[in-house]
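# Observations on chain architecture
Chain by chain, the residues run as shown.
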Amino acid sequence: MAKTSGNEYILIIDFGSQVTQLIARRVRESGVFSQVVPCTEAGQALKQSAPSGVILSGGPASVIGGDPPRLPAEYYASGLPILGICYGQQTMSADLGGSVESARDREFGRAEIEIAHECKLFDGVWSKGESHEVWMSHGDRVVNMPPGFRVVAISKNAPFAAIADEARNFYGVQFHPEVVHTPDGSRLIKNFTNDICGCSGTWSMAAFRDKAISQIREQVGEGRVICGLSGGVDSAVAAKLIFEAIGDQLTCVFIDTGLLRVGEAEEVRNTFQEGFNIPLTCRDAGDLFLGRLSGVVDPEEKRKIIGTAFIDIFEEEARGLGEVDFLAQGTLYPDVIESISPSGGPSATIKSHHNVGGLPERMKLSLVEPLRELFKDEVRVLGRTLGLPDSMVERHPFPGPGLAIRIPGAIKPELVGTLRKADAIFLEEIRMAGLYGEIWQAFAVLLPVRTVGVMGDERTYENVCGLRAVTSEDGMTADAYPFSHQFLDTVSGRIVNEIRGINRVVYDVTSKPPGTIEWE
């Protein structure tokens, strides 16, 4: 286990929740380093580390019947402060002599809790007798507290919405303080990390940078690394971080897939060759990618084809460079948890990401993924500490598969060209309106739908263009950006008038969840 100076950090035990890493974010926002380990490795983690406190995540399992994941008993005997969230509260209660049952009336979404007693977790945030909004997502509930605990908050369907054993510094909450829908959640987590666990709150992204550089040097040694550049923020920050660690042992490889935005390839070349002086190899592989994608409709198959093509090209480039030992990628945590369960547990696969899931056995390169536990906003902060310009750090996310996952249905070169033009118009109008910095991500989608229109007194039968723009903090949840009707009318008019092949424009107002940000 990696440790920060002074050994101040919080160990987070992941029981398979889709939002476990949000706990890590909230802890880091409190100025305390955090590390997530799957519940299957919890026993080994405690033997190898000396955390300041422990947080137990939620998860899809039930402590009632079967063989649910549990926390090793040595944690309760360690003297460490423990905070259990949702399933974490339930498993802690069951382990220590309480009981849990399936609730007749479940709670999903916003709920009101009433503060029954003061406790250190609530200090300066909530007071006895007050009511506060929280986010619930549970079917089971604690019905009998373990010995030594008392109830400190209740809700309509959870009589033990928050419990505390302050003598042992054990706390349990049925709600989720890590999500933004619990308005005071981050303050509660800070109370736990800084006041109850006694952390100083001095950790920063600069500390993460220094630690990551040290870990990269230790992992790579005298080896050589190739890094895949996509033109986006993630791969750029990963490349700069690795270059800071190992210098000319790194060679960046930029693959023009033929599925990039307008001017993307030129911008990447200029930035890395002229701006950073980082060794860069460029490969024009548009024909290869488009050829392999020809006739493919299923979005999962598209992603896997693209991932395989990337790996094939990196293998070729690695052979051309001579002895190469590592492949670096800008994989982020949202990519990981949408593709695979980070705990090895039952959390669901939402969609495959081209840069997640490891390397094929035939490939002799090991992975270097220094951003794997970060969210997008944290990557941007890291980029600034590395000296990257705002024009690069503030760029909207762009998926590795590029425009391929913005053309539902079969991909054809002419459709890619049409979409590229529409996307450029949309982003240009957003910048001209001064809205680019307010939006997390914006893009156009070319739908596999044709509609009848009339242009110049003649009938048309052409494609529909969908526009998507969202606001978000971390990409885990998102809301549609509320453009004015006038703005959408301007963009629609330009797209229909300037691009042959589109005669209708629609705007996607779906939030995440239930949708994802990308269409495929």
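All of the points below concern the structure found in this document.

The rules behind the values
- Along every chain, residues carry numbers that run from 1 in the direction the sequence is written.
- pLDDT decides what is reported in this predicted model: residues at 70 or higher carry local features, side-chain atom pairs at 80 or more are listed and counted, and totals for whole chains, interfaces and linings draw on all residues regardless.
- With hydrogens and water set aside, each side-chain value is computed from the structure's full complement of heavy atoms.
- To pair, rings of Phe, Tyr and Trp, with the six-membered ring standing in for Trp, must have centres within 6.5 Å; the planes then decide the type, stacked if under 30 degrees apart, edge-to-face if over 60, and tilted in the middle.
- Only DSSP runs of H or I with at least four residues qualify as helices, and only runs of E with at least two residues qualify as strands; both kinds are numbered from the N terminus onward.
- Relative accessible area decides the class of each residue, using a 1.4 Å probe on protein chains only: under 20% of the type maximum gives buried, over 50% gives exposed, and in between gives partly exposed.
- Lines fitted to C-alpha atoms define the axes, with helix axes restricted to the stretch in contact, and inter-axis angles between N-to-C directions lie between 0 and 180 degrees.
- Two helices crossing with the near one rotated counterclockwise from the far one by less than a right angle form a left-handed crossing, whereas a clockwise rotation gives a right-handed crossing.
- Contacts between residues were defined by any pair of non-hydrogen atoms, one from each residue, lying within 4.5 Å.
- Cavity means a closed set of points on a 1 Å grid over the protein atoms alone, one where a 1.4 Å probe fits but cannot get out, pocket means an open set with protein on both sides within 12 Å along at least 5 of 7 lines, and lining means a residue has an atom within 4 Å of a point.
- Grid points are joined across faces, edges and corners, and a volume is the space filled by probe spheres set on the points.
- Three classes are used, and their members are as follows: Ala, Val, Leu, Ile, Met, Phe, Trp, Tyr, Cys and Pro are nonpolar, Asp, Glu, Lys and Arg are charged, and the others, Gly among them, are polar.
- In these notes, a set of buried Ala, Val, Leu, Ile, Met, Phe, Trp, Tyr and Cys residues joined through side-chain atoms within 4.5 Å is what counts as a nonpolar core.
- Strand pairing requires that DSSP identify at least two bridges connecting the strands.
- What a helix is expected to span follows from its residue count: subtract one and scale by 1.5 Å.
- We define a salt bridge as a contact between a side-chain nitrogen of Lys or Arg and a carboxyl oxygen of Asp or Glu at a distance within 4 Å.
- Angles below 35 degrees are treated as roughly parallel, those above 145 as roughly antiparallel, those between 65 and 115 as roughly perpendicular, and all remaining angles as oblique.

With that out of the way, let us pick up the packing of aromatic side chains. Ring pairs (aromatic) are described by centroid distance and by the angle formed between their planes. Considering all chains together, one arrives at twelve aromatic pairs under this definition. Here the aromatic rings of W126 and F175 are separated by 5.9 Å at their centres, their planes lie at 55°, and the arrangement is tilted. Placement of the pair is W126 in the loop between β5 (99-115) and β6 (131-144) and F175 in the loop between β9 (170-173) and α5 (185-196), with a sequence separation of 49 residues. When its relative accessible area of 1% is taken as the criterion, W126 is described as buried. With a relative accessible area of 0%, F175 lands in the buried category. On the basis of an interplanar angle of 15° and a centroid distance of 4.5 Å, the ring pair of F483 and F487 is categorised as stacked.

A word on the packing of helix α9 (residues 286-293) against helix α10 (residues 299-321). Where α9 meets α10, the axes come as close as 10 Å, and the angle between the chain directions of the two elements is 145°. The hand of the α9/α10 crossing is right-handed. Between α9 and α10, the residues in contact are L288, F289, R292 and L293 and K302, I305, I306, T308, A309, F310, D312 and I313, respectively.

Tallying each qualifying case throughout the model produces one cavity of 30 Å³ or more. Reported here for the largest cavity is a volume of approximately 40 Å³. L229, G231, G232, S235, A236, E267, V268, F272, M392 and R395 together form the lining of the largest cavity. At the level of elements, α7 (233-246) and α8 (264-275) are the ones that each hand at least two residues to the lining of the largest cavity. Among the elements that line the lining of the largest cavity, the one with the most residues is α8, at three residues. Here the lining of the largest cavity is built from residues that sort into five nonpolar, three polar and two charged.

Residue P513 is bonded to the preceding K512 through a cis peptide linkage, with omega at -15°. By the element assignment, P513 lies in the segment after β18 (502-507). A cis amide bond, omega 15°, links P513 with the succeeding residue P514. Tracing the sequence through the fold places P514 in the segment after β18. The phi dihedral of C86 falls on the positive side, at around 55°, and the residue is not glycine.

Turning to the nonpolar core, a few remarks are in order. I13, Y75, F272, F483 and I495 are the most contacted members of the largest nonpolar core, which has 121 residues in total. Residue contributions to this core peak at nine residues, all from α7. Beyond its immediate stretch of four places on either side in the chain, F272 contacts L229, A236, A239, N277, I278, L280 and M392. Counting 36 residues, the second-largest nonpolar core is a separate cluster that includes C119, W126, V152 and I196.

Another point: the pairing of strand β4 (residues 82-85). Burial along β4 is two-sided: I82 and G84 facing one way and L83 and I85 facing the other are all buried. As paired strands, β4 and β9 are joined by four bridges and run parallel to one another. Across the sheet, residue G84 finds its bridge partner in β9, namely G172.

This part takes up helix α14 (residues 413-432). Between the first and last C-alpha of α14 there are 29 Å, a value that for 20 residues agrees with the 28 Å anticipated at 1.5 Å per step. Every buried residue belonging to α14 is among L415, V416, T418, L419, A422, D423, I425, F426, L427, E429 and I430, and all of these are buried. Where α14 is buried, its residues contact α9, β15 (441-455), β16 (458-471), α15 (485-498) and β18. Looking one or two residues past α14, G434 carries a phi angle of roughly 70°, positive in sign.

Now for the pattern of salt bridges. Using the criterion set out here, one finds 27 salt bridges in the structure. E29 is paired through a salt bridge with R26; the nearest N and O atoms lie 3.1 Å apart. With E29 and R26 both in helix α1 (residues 20-29) and three residues apart, the pair spans about one turn of that helix. Taking the relative accessible area as the measure of exposure, E29 reaches 47% and is therefore partly exposed. The buried category is assigned to R26, whose relative accessible area is 5%. Three or more residues are tied together by salt bridges with common partners; here these are R25, R26, E29 and D377.

With that out of the way, let us pick up the packing of helix α6 (residues 205-220) against helix α12 (residues 376-385). Geometrically, a packed helix pair is captured by the angle between its two axes and the distance between the axes. The geometry of α6 relative to α12 is characterised by a closest axis approach of 9 Å and an angle of 75° between their N-to-C directions. As the angle between them shows, α6 and α12 are arranged roughly perpendicular. On α12, the residues touching M205, A206, F208 and R209 of α6 are E378, V381, L382 and T385. For the contact of α6 with α12, a count of residues per class yields five nonpolar, one polar and two charged.

Here the focus is the environment of N270. Tracing the backbone shows N270 in helix α8. Separated by 246 residues in the primary sequence, N270 and T516 place their C-alpha atoms 32 Å from one another.

Turning our attention to the side chain of D165. Among the secondary structure elements, D165 is positioned in strand β8 (residues 162-165). Residue classification places D165 among the buried residues on the basis of a relative accessible area of 5%. Beyond its immediate chain neighbours, meaning those up to four positions away, D165 contacts P147, G148, F149 and F170.

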